[in-house]
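Overview (structure and organization)
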Amino acid sequence: MSSSSGQPQFRYTQTPSKVLHLRNLPWECTEEELIELGKPFGKIVNTKCNVGANRNQAFVEFADLNQAISMVSYYASSSEPAQVRGKTVYIQYSNRQEIVNNKVSGEVAGNVLLVTIEGVEAGDVSIDVIHLVFSAFGFVHKIATFEKAAGFQALIQYTDAATASEAKNALDGRSIPRYLLPEHVTSCYLRISFSAHTDLNIKFQSHRSRDYTNPYLPVNPSAIEGNLQPMVGPDGKIKEPESNVLLAAIENMQYAVTVDVLYTVFSAFGTVQKIAIFEKNGGTQALIQYPDVTTAAVAKEALEGHCIYDGGYCKLHLSYSRHTDLNVKAYSDKSRDYTISSTGILSNPQASSVPSASTGWQTNPQVAGTSVGSIGMQAPVPVGQAAAWDPSKTTFASPAGTFPGQPFVPSAGAPFPTSGGPPSAPAGYFQAPQQRPQYGVQPRPASGAPPYGQPPGYF
DNA sequence: AGCACA
């Protein structure tokens, strides 16, 4: 029955809805344009474009009813009509209270992108390359990569949906630049949709996932990076290749870090063959040699960013050295060679001449990009300071060799229990080892610290 | 210029 009387075809007094119905939109009006239009009035949580026979209608849904009311009210009394691309847009409340089943998942704009990288295997594109590519559009908060039936995929979290949309629009269907890819990769197309996620839960920094907002997130010890390709850093530079020798830059060195201390810390992961400590660029660095790359990699992953002492003291930044075999003095206050039979060392504890391990090392100044937080540790105790006190410490002007008879004990030379610690429990090694009571050493700054025997308040 | 499930 056609009713010309009765209900009006269109209601002019519509019940407000947080969903607005837009008409007379330009051809293929995008969601971004709708968001742009409605953004001044509130938060748009959903849209539906290209509605109607002419596909020139749309719905936008605000988070709050009052936001929709404010938009309708504004344009009801405005002399300037709402416009998209210069076309006047007519706005009214929708007769529904929410947009239902707006789009298939993947079309709803969100701040997290789901990126499928076609034509490659997981090992072909590093997370650093992904980070580099997607950082062009804004700060990338987090990345998680995984392999599914669809192929190699990555979730990339931006600050907001607008940034994610920009990246999606620019990169969807495009290929990662060839120079960022291994040579055998011929094509590498990105298929990008929106993820339903809003905040990724990254548990570890690893070769599969990153949280760039949380530098204190621990590195996953089991996530050793593959050695297939030279890794490209976030800045596009090639990372140093793996090595059995680690370069440790020691930051915030408030307490003395001696050969013995380093030996203890790094022995938790395997046999330490050689150690050399030296000054570089005003800071203290050390080279630690393991028998093999794997051990070094485990130690690097586990220790990077951790502090030898609680309170942020003596923070380690580890990278791979270019060295493979250190040429160090068997025993000095700055170096140790544990591969040499201990008997010979004992017989000649090197009483005279200034130790010179601080020179002659080509060192790699770059430190690993990821900085990770300290692990829980007890009060800063300058362990090892007594047994391996460094007399040539920068500001303390004591001539080398004048320190009386260091009770050096080789191999067991670390002044506290060493070795045998399972790599899975490096934390135990950061518990400040027991102090040697006979020395009565109290924690004190390494720089300018008096040797044992000096009273406190020496400065 | 006028309400969307497919």
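Scroll up for the structure.
Not measured: the values here are computed from a predicted model. (Residues numbered from 1 in each chain as written. Chains lettered and ligands numbered in written order. Predicted model: local features only at pLDDT ≥ 70, side-chain atom pairs only at ≥ 80, totals over all residues. Heavy atoms only, no water.)

With respect to the pattern of salt bridges
Inspection of the entire model under this criterion finds nine salt bridges. The partner of Asp172 in a salt bridge is Lys168, with the nearest N and O atoms 4.0 Å apart. Take Lys168: its relative accessible area is 16%, and that puts it in the buried class. (Salt bridge = Lys/Arg side-chain N within 4 Å of Asp/Glu carboxyl O. Buried < 20%, exposed > 50% of the residue type's maximum accessible area, 1.4 Å probe, protein only.)

Here we look at the protein's contact with DNA strand B
Close to DNA strand B lie 22 residues, the nearest being Gln14, Arg23, Asn24, Gln92 and Asn95. Of what DNA strand B places within 4 Å of the protein, 33% of the atoms are sugar or phosphate. Between DNA strand B and the protein, one listed contact pairs a base nitrogen with a side-chain N or O atom of Gln14 at 2.8 Å. One nitrogen or oxygen atom from the main chain of Tyr93 is found 3.0 Å from a base nitrogen belonging to DNA strand B. Within the residue set of the surface near DNA strand B, elements represented by two or more residues are strand 1 (19-23), strand 2 (44-51), strand 3 (57-62) and strand 6 (90-93). (Near = heavy atom within 4 Å. Polar contact = N/O pair within 3.5 Å; in protein donor to acceptor, adjacent residues only side chain to side chain. Helix = DSSP H or I, 4+ residues; strand = E, 2+ residues; numbered from the N terminus.)

Structural notes on the sheet that holds strand 6
Strand order in the open sheet formed by four strands is 2-3-1-6, and the pairing between neighbours is antiparallel. In this open sheet, the two edge strands, each paired with only one partner strand, are strand 2 and strand 6. Neighbour-to-neighbour, the strand axes of this sheet turn through a mean angle of 20 degrees, independent of strand direction. Where strand 1 and strand 3 come together, four bridges link them in antiparallel fashion. Bridge pairing links Val19 to Glu61 in strand 3. (Pairing = 2+ DSSP bridges. Axes fitted to C-alpha atoms, helices over the stretch in contact; angles between N-to-C directions.)

A word on the environment of Gln67
Tracing the chain through its elements places Gln67 in helix 2 (residues 65-77). Each C-alpha atom of the pair Gln67 and Gly42 lies 5.1 Å from the other, and the pair is 25 residues apart in sequence. If near-sequence neighbours (up to four positions away) are discounted, Gln67 is found in contact with Phe41, Gly42, Lys43 and Phe62. (Contact = heavy atoms within 4.5 Å.)

A look at the sheet that holds strand 7 (residues 112-117)
The sheet built from five strands is open, its strands ordered 10-7-9-8-11 with antiparallel pairing. The open sheet terminates on both sides in strands that have one partner only, identified here as strand 10 (190-194) and strand 11 (209-211). Geometrically, the sheet is characterised by an average inter-axis angle of 20 degrees between neighbouring strands, direction not taken into account. In the packing of helix 3 (residues 127-134) onto the sheet, the strands contacted are strand 7, strand 8 (142-148), strand 9 (151-157), strand 10 and strand 11, and the crossing angle to strand 8 comes to about 125 degrees. Along the sheet, helix 4 (residues 161-171) makes contact with strand 7 and strand 10, crossing strand 10 at roughly 150 degrees.

Digging into the nonpolar core
Generally speaking, a soluble globular protein has its nonpolar side chains buried in company with each other. In this structure, Leu262, Phe266, Ile275, Tyr290 and Ile308 are the most contacted members of the largest nonpolar core, which totals 32 residues. Listing elements by their share of this core, those giving two or more residues are strand 12 (245-251), helix 5 (259-267), strand 13 (274-280), strand 14 (283-289), helix 6 (293-303), strand 15 (307-309) and strand 16 (313-320). Of all the elements, helix 5 adds the most residues to this core, at six residues. Counting residues in hydrophobic clusters, the runner-up holds 27 residues, among them Val115, Ile143, Phe152 and Leu190. (Core = buried A, V, L, I, M, F, W, Y, C linked by side-chain atoms within 4.5 Å.)

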